[in-house]
Amino acid sequence: MTLEFVTLAFDGPVALVTIDRPKALNALNAQVLQELDQALGLAAAHADTRALILTGEGGKAFVAGADIAEMAQYTPAQALAFSAKGHQVMARLEALPFPTIAAVNGFALGGGLELALACDLLYASEKAKLGLPEVSLAVIPGFGGTQRLMRAVGKLRARELIFTGEAIDAAKAKEIGLALEVLPHDALLPRCKEIAHTIATRGPLALSQAKRVIEAGADLPLKDANELERQAFALLFGTDDQKEGMRAFLEKRKAAFKNL
Ligand code: DAK
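Predicted, not measured: the structure shown is a model, and the values here were computed from it.

1. Concerning the nonpolar core
And then number 1: Leu-54, Leu-115, Leu-130 and Leu-178 are the most contacted members of the largest nonpolar core, which has 51 residues in total.
And then number 2: If we ignore the near neighbours within four places in the chain, the residues touching Leu-54 are Val-17, Ile-19, Leu-36, Phe-62, Leu-93, Ile-101, Ala-102, Ala-103, Leu-115 and Cys-119.
And then number 3: Val-14, Leu-16, Ile-101 and Tyr-123 belong to the second-largest nonpolar core, a separate cluster that totals 14 residues.

2. Quick look at the layout of surface pockets
And then number 1: By volume, the largest pocket is sized at about 750 Å³.
And then number 2: Elements supplying a minimum of two residues to the lining of the largest pocket: helix H4 (111-117), strand E7 (121-125), helix H5 (145-153) and helix H9 (204-217).
And then number 3: With five residues, H9 is the single largest residue contributor to the lining of the largest pocket.
And then number 4: In terms of lining, the second largest pocket is formed by 21 residues, of which the most central are Ala-66, Met-71, Glu-134, Val-139 and Ile-140.
And then number 5: Elements supplying a minimum of two residues to the lining of the second largest pocket: helix H2 (68-72), helix H3 (76-95) and H4.
And then number 6: Grouping the amino acids of the lining of the second largest pocket by side-chain chemistry returns 13 nonpolar, six polar and two charged.

3. Some words on the packing of H9 against helix H10 (residues 222-236)
And then number 1: The interhelical angle for the contact between H9 and H10, taken along N-to-C directions, is 170 degrees, at an axis separation of 9 Å. As far as their axial angle goes, H10 and H9 are roughly antiparallel. Here Leu-205, Ala-206, Gln-209, Arg-212, Val-213, Ala-216 and Gly-217 of H9 come into contact with H10, specifically with Ala-225, Leu-228, Glu-229, Ala-232, Leu-235 and Leu-236.
And then number 2: Considering only residue class, the contact of H9 with H10 consists of nine nonpolar, two polar and two charged.

4. With respect to the pairing of strand E2 (residues 14-19)
And then number 1: The buried fraction of E2 amounts to six of the six residues, a majority that puts the element mostly inside the structure.
And then number 2: On E2, burial covers both faces: Val-14, Leu-16 and Thr-18 on one face and Ala-15, Val-17 and Ile-19 on the other are all buried.
And then number 3: Judged from the six bridges that link them, strand E1 (residues 6-11) and E2 form a sheet pairing that is antiparallel. By the bridge assignment for E2, Ala-9 is matched with Leu-16.
And then number 4: Connecting E1 to the next strand, E2, in antiparallel fashion are two residues, including Gly-12 with a positive phi near 60 degrees.
And then number 5: A crossover connection joins E2 to the parallel strand E3 (residues 51-56) through helix H1 (residues 30-45); in handedness this β-α-β unit is right-handed.

5. Here's the deal with the packing of aromatic side chains
Each aromatic ring pair is described using two quantities: the centre-to-centre distance and the angle formed by the ring planes.
And then number 1: Under the counting rule described, the total for this entry stands at three aromatic pairs.
And then number 2: When the ring of Tyr-74 is compared with that of Phe-82, the centres are 5.3 Å apart and the planes differ by 55 degrees; the resulting orientation is tilted.
And then number 3: Exposure remark for Phe-82: the relative accessible area of 8% places this residue in the buried category.
And then number 4: Ring centres 5.5 Å apart and planes at 50 degrees place the aromatic pair Phe-82 and Phe-143 in the tilted group. Here Phe-82, found in helix H3, pairs with Phe-143, found in the loop between strand E8 (129-131) and H5; they are 61 residues apart in sequence, far enough to count as distant.

Analysis parameters
Residues numbered from 1 in each chain as written. Predicted model: local features only at pLDDT ≥ 70, side-chain atom pairs only at ≥ 80, totals over all residues. Heavy atoms only, no water. Core = buried A, V, L, I, M, F, W, Y, C linked by side-chain atoms within 4.5 Å. Buried < 20%, exposed > 50% of the residue type's maximum accessible area, 1.4 Å probe, protein only. Contact = heavy atoms within 4.5 Å. 1 Å grid on protein atoms, 1.4 Å probe; cavity = no way out; pocket = protein on both sides within 12 Å on 5 of 7 lines; lining within 4 Å. Points joined across faces, edges and corners; volume = space filled by probe spheres on them. Helix = DSSP H or I, 4+ residues; strand = E, 2+ residues; numbered from the N terminus. Nonpolar A, V, L, I, M, F, W, Y, C, P; charged D, E, K, R; others polar. Axes fitted to C-alpha atoms, helices over the stretch in contact; angles between N-to-C directions. Parallel < 35°, antiparallel > 145°, perpendicular 65-115°, else oblique. Pairing = 2+ DSSP bridges. Right-handed = clockwise from strand over helix to strand, strands pointing away. Phe/Tyr/Trp six-rings, centres within 6.5 Å; stacked < 30°, edge-to-face > 60°.

Written out as structure tokens, the structure is:
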């Protein structure tokens, strides 16, 4: 399958998905969203994938938002379809059974930041600028940004970013807990690959359960969230990988996990 605006590459267990529409700073139009959805589906269908990195092509932008030129023409019905597709992509990204990393290598604005927020981990280059400028277009974030940003940095900071529409730099993003690390531009992808390959050595079923429990537990009372954790913990004792992981430790060798 040939995609025009999204590339998918594998480096062993790590999938690299790149939004490749640099002339429009990788803005998300309906076609890009559709292709991103396809690429995520392909990465998930690849049995060996253990982690995924999402980034933008061109050195200037991760994703500069939803495509304003395309959105400006939308009828309400088209806006509804676009919104549905956007939510579908964010949900698919969030539900992938392995960890995902946003390598934010430039502008991550509007739908671009929303996309990064739907990833599990976020690393930024020194050139990154992150923001939700939708109110300057007289709309609000439409792909879950109000909710995911608030959950990531708290209500107060989310309000400031959403109400002013102003972008923050990578250092500020790290300070408020939106980015994990700020890297020199050229070091961003290598660092993300290093993290992804480290993750890929861990028990895949344990990663997928940890991801699921963190995500689902975040919106539950602690008592119920702890119950989710307890069940997932027990479930893992029915897997071959748990036996292999513990046996390998006792035998002082590296574990060979099989995702079973
Ligand atoms: N859409 C379309 N084209 C874009 C774009 C975008 N978001 N961002 C940049 N481009 C295009 C520019 O038009 C320009 O195209 P040409 O003129 O060369 O043809 C090219 O990319 C290069 O951009 P600039 O010339 O502007 O580059 P600069 O370095 O001067 O400025 C910039 C970079 C990122 C500061 C600037 O391009 C900018 O402000 N871009 C717009 C950023 C923005 O506002 N992003 C948020 C978009 S709103 C919803 C769902 C989702 C959303 C809303 C509703 N529903 C469910 C209903 C989400 C909304 C958004 O994401």
